[in-house]
Amino acid sequence: MPTVLVTGGAGFIGSNFVRHLLATDPTVAVVNFDALTYAGNLANLADLAGHPRYTFIKGDVTDRDHVRAALQRGVTDIIHFAAESHVDRSIQDSGPFVRTNVIGTQILLDAAREFKVNKYVQVSTDEVYGSLGATGFFTEETPLHPNSPYSASKAGADLLVQAYQHTFGLPAVITRCSNNYGPYQFPEKLIPLFVTNLLNDIPVPVYGDGQQVRDWIHVLDHCRGVEAAWRNGRPGEVYNFGGRCEMPNLELTKLLIRLLGKPESLIRYVEDRLGHDRRYAIDCAKAERELGWAPQVSFDAGLAETIAWYQTNAAWVATIKNKDYMSYYEKQYGSKL
Ligand SMILES: Cc1cn([C@H]2C[C@H](O)[C@@H](COP(=O)(O)OP(=O)(O)O[C@H]3O[C@H](C)C(=O)[C@H](O)[C@H]3O)O2)c(=O)[nH]c1=O
């Protein structure tokens, strides 16, 4: 039985991936290795408690001995989601990003070599390519030009993966995806933050002029892409994934306000993010051609379902938007809201 070590499986994308894989493939076992940092949450996988093919280990990818012990459980493959992921936090303090994203990846790569895994998948981001002007798309050939401490740490990790593949023949692939949305996303990211604020008539902070463009993809389309890259991706290759749904932040904000029946007076224009990337847009032709992958969830349907999920799961939100969270939030936005 393939036994996949999924790192970061208690986070947003990781937990959606674990659930997806176990539900769609009865021949696979999952070992979820997650440090349960502020963004990791076992409640995201409460429905898997007692699942016969699922094991959880609380562990940090920067802990070499613990990683090695986890691999000794018959792990055949590694899919590496665990990362510090929030750009604003990386601007406040880049240390955890370098530790987890760069050093954690190096430790995992060493373990992948030692235990001779069949496939290693590095889950990365389109932010490693930097920022686009009004036209053009990132392809897998676009040179890396990370602009934030977060994206620099992810680019560093990607380069290590490529070096291990080239030097040691590690069977590794890299996936790079655009902005995800969907259930279980930590409410510091734009969509869950704005939805959960608006539901409670709390203002929403739009950075700068709000004309920055992001390409939105439903998390399950991303999960299907990572799975396809794991099964059929060629070692040494990079695969881009995106939702073919570019939208300026302000337009998205107004759409959320409309869908929730709230007034636009809840918009607050706040100071721009330092070094804010203007536009991400991603070309996924290679994944479509080589992996037979294509996004399946329309933005309209995905967003409606996502909003409904946050409405239904108010208790999940309330345990996160607690005192600790609010002190981060106030530090971030101060009296601007
Ligand atoms: C939280 C927040 C964000 N924004 C703006 C900043 C961005 O232009 C856009 C989305 O921001 P968010 O922080 O949700 O996501 P990105 O900075 O684009 O990065 C995200 O998508 C990539 C692919 C990853 O790899 C990151 O891990 C992931 O966090 O909305 C605001 O205007 N106000 C806010 O309060």
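This text goes with the structure placed above it.
Residues numbered from 1 in each chain as written. Predicted model: local features only at pLDDT ≥ 70, side-chain atom pairs only at ≥ 80, totals over all residues. Heavy atoms only, no water.

Q: When you look at the sheet that holds strand β6 (residues 172–177) in this model, what are you seeing that I'm missing?
A: The strands that make up a sheet are held in pairs by hydrogen bonds between backbone atoms, and each pair lies either parallel or antiparallel. Taken together, the seven strands give an open sheet; going across it, the order is β3-β2-β1-β4-β5-β6-β10, and neighbouring strands pair in parallel fashion. Two strands in the sheet have a free side with no partner beyond their single neighbour: β3 (54–58) and β10 (238–241). Sheet twist, expressed as the mean angle between neighbouring strand axes with direction ignored, is 20 degrees. Direction of pairing for strand β5 (residues 119–125) relative to β6: parallel, over a ladder of six bridges. Bridge pairing in β6 places Val121 opposite Val173. Sitting on the sheet, helix α4 (residues 95–114) is in contact with β1 (3–7), β4 (77–80) and β5, with an inclination near 165 degrees to β5. (Pairing = 2+ DSSP bridges. Helix = DSSP H or I, 4+ residues; strand = E, 2+ residues; numbered from the N terminus. Axes fitted to C-alpha atoms, helices over the stretch in contact; angles between N-to-C directions. Contact = heavy atoms within 4.5 Å.)

Q: How should I be thinking about the site of the ligand in this particular structure?
A: As a structural note, the neighbourhood of the ligand is formed by 25 residues, with Glu127, Tyr150, Pro205, Arg273 and His276 the closest of them. In the environment of the ligand, an oxygen atom lies 2.8 Å from a nitrogen or oxygen atom belonging to the side chain of Asn179. Relative to its unbound accessible surface of 670 Å², the ligand loses 95% to contact with the protein. Considered class by class, the residues forming the shell around the ligand number 11 nonpolar, eight polar and six charged. (Near = heavy atom within 4 Å. Polar contact = N/O pair within 3.5 Å; in protein donor to acceptor, adjacent residues only side chain to side chain. Areas by Shrake-Rupley, 256 points an atom, 1.4 Å probe, with all protein chains shown as cover. Nonpolar A, V, L, I, M, F, W, Y, C, P; charged D, E, K, R; others polar.)

Q: It is not clear to me how the environment of Val30 should be interpreted in this structure. Could you clarify?
A: Its location among the elements puts Val30 in strand β2 (residues 29–34). Taking the C-alpha atoms as reference points, Val30 and Tyr54, separated by 24 residues in sequence, lie 5.0 Å from one another. Ignoring any residue separated from it by four or fewer positions in sequence, one finds Val30 in contact with Val4, Val6, Val18, Leu21, Leu22, Arg53, Tyr54 and Thr55.

Q: Could you clarify how one ought to interpret the pattern of salt bridges in this entry?
A: Any two side chains of opposite charge can pair, so long as their charged atoms come close to each other. Applying the stated criterion across every chain, the model contains 17 salt bridges. Between Asp209 and Arg278 there is a salt bridge whose closest N-O contact spans 2.8 Å. Taken together, the positions of Asp209 in the loop between β8 (204–207) and β9 (213–218) and Arg278 in the loop between β12 (267–270) and α9 (285–291) put the pair 69 residues apart, joining distant regions of the chain. Through salt bridges that share partners, Arg234, Glu237, Lys286 and Glu290 make up one connected network. (Salt bridge = Lys/Arg side-chain N within 4 Å of Asp/Glu carboxyl O.)

Q: Hey, could you run me through unusual backbone geometry in this one?
A: Backbone phi values are negative for most residues with the exception of glycine, while trans is the configuration of most peptide bonds. Look at Leu36: it is not a glycine, yet its phi comes out positive at around 55 degrees. Structurally, Leu36 can be placed in the loop between β2 and β3. A relative accessible area of 26% places Leu36 in the partly exposed class. One non-glycine residue, Lys116, lies in the positive phi region at around 50 degrees. If you trace the backbone, Lys116 turns up in the loop between α4 and β5. (Buried < 20%, exposed > 50% of the residue type's maximum accessible area, 1.4 Å probe, protein only.)

Q: Would you mind going over the nonpolar core with me for this structure?
A: As a rule of thumb, nonpolar side chains are buried together in soluble globular proteins. Core analysis: the biggest nonpolar cluster contains 95 residues, and Tyr120, Leu252 and Phe299 have the highest contact counts within it. Look past the residues within four positions of Tyr120 in its chain and what remains in contact with it is Ile78, His80, Thr105, Leu108, Leu109, Ala112, Val161, Leu170, Pro171, Ala172 and Val173. (Core = buried A, V, L, I, M, F, W, Y, C linked by side-chain atoms within 4.5 Å.)

Q: Which parts of the structure should I look at to understand helix α6 (residues 190–199)?
A: Since the α-helix turns once every 3.6 residues, residues separated by three or four places project in the same direction. Of all 10 residues making up α6, nine are buried, and the element is well covered by its neighbours. Among all positions of α6, only Leu190, Ile191, Pro192, Leu193, Phe194, Val195, Thr196, Asn197 and Leu198 are buried.

Q: Would you take a moment to explain the state of the cysteines for this structure?
A: Each disulfide consists of a covalent bond between the sulfur atoms of two cysteine residues. Under the defined criterion, the tally for this structure stands at zero disulfides. The closest cysteine sulfur to the non-disulfide-bonded Cys245 is located on Cys284, 12 Å from its own sulfur. (Disulfide = S-S within 2.5 Å.)

Q: Could you clarify how one ought to interpret the packing of aromatic side chains in this entry?
A: The relative placement of two aromatic rings is captured by the distance of their centres and the angle of their planes. Under the criterion given, the structure shown has 13 aromatic pairs. Aromatic pair Phe97 and Tyr150: ring centres 6.3 Å apart, planes at 80 degrees, arrangement edge-to-face. Of this pair, Phe97 sits in helix α4 while Tyr150 sits in helix α5 (residues 149–168), and the two are 53 residues apart along the sequence. Positioned above the aromatic ring of Tyr280, the side-chain terminus of Arg214 is 3.9 Å from the ring centre. The cationic tip of Lys286 hangs over the ring face of Tyr239; the distance from NZ or CZ to the ring centre is 4.9 Å. (Phe/Tyr/Trp six-rings, centres within 6.5 Å; stacked < 30°, edge-to-face > 60°. Lys NZ or Arg CZ within 6 Å of the ring centre and 35° of its normal.)

Q: Even after reading the chapter, I still don't get the packing of helix α8 (residues 249–259) against helix α10 (residues 299–312), so can you show me in this structure?
A: What describes two packed helices is the angle between their axes and the distance between those same axes. Direction vectors running N to C along α8 and α10 enclose 55 degrees, while the axes themselves pass 12 Å from each other. Relative to α10, the element α8 lies oblique. At the point where α8 passes α10, the crossing takes the right-handed sense. Only Phe299, Leu303 and Ile307 of α10 make contact with α8, whose side of the interface consists of Leu252, Leu255, Leu256 and Leu259. Each residue belonging to the contact of α8 with α10 can be placed in one class, and the counts come to seven nonpolar, no polar and no charged. (Parallel < 35°, antiparallel > 145°, perpendicular 65-115°, else oblique. Left-handed = near helix turned anticlockwise from the far one by under 90°.)

Q: Looking at this structure, I do not really get the packing of α4 against α5. What am I missing?
A: Here α4 crosses α5 at 15 degrees, and the two axes come no closer than 8 Å. Between α4 and α5, the crossing angle belongs to the class labelled roughly parallel. The two elements α4 and α5 cross, and the hand of that crossing is right-handed. Taking contact as the criterion, the partners of Phe97, Val98, Asn101, Val102, Thr105, Gln106, Leu109, Asp110 and Arg113 in α4 are, on α5, Tyr150, Ser153, Lys154, Ala157, Leu160, Val161, Tyr164 and Phe168. Here the contact of α4 with α5 is built from residues that sort into 10 nonpolar, four polar and three charged.

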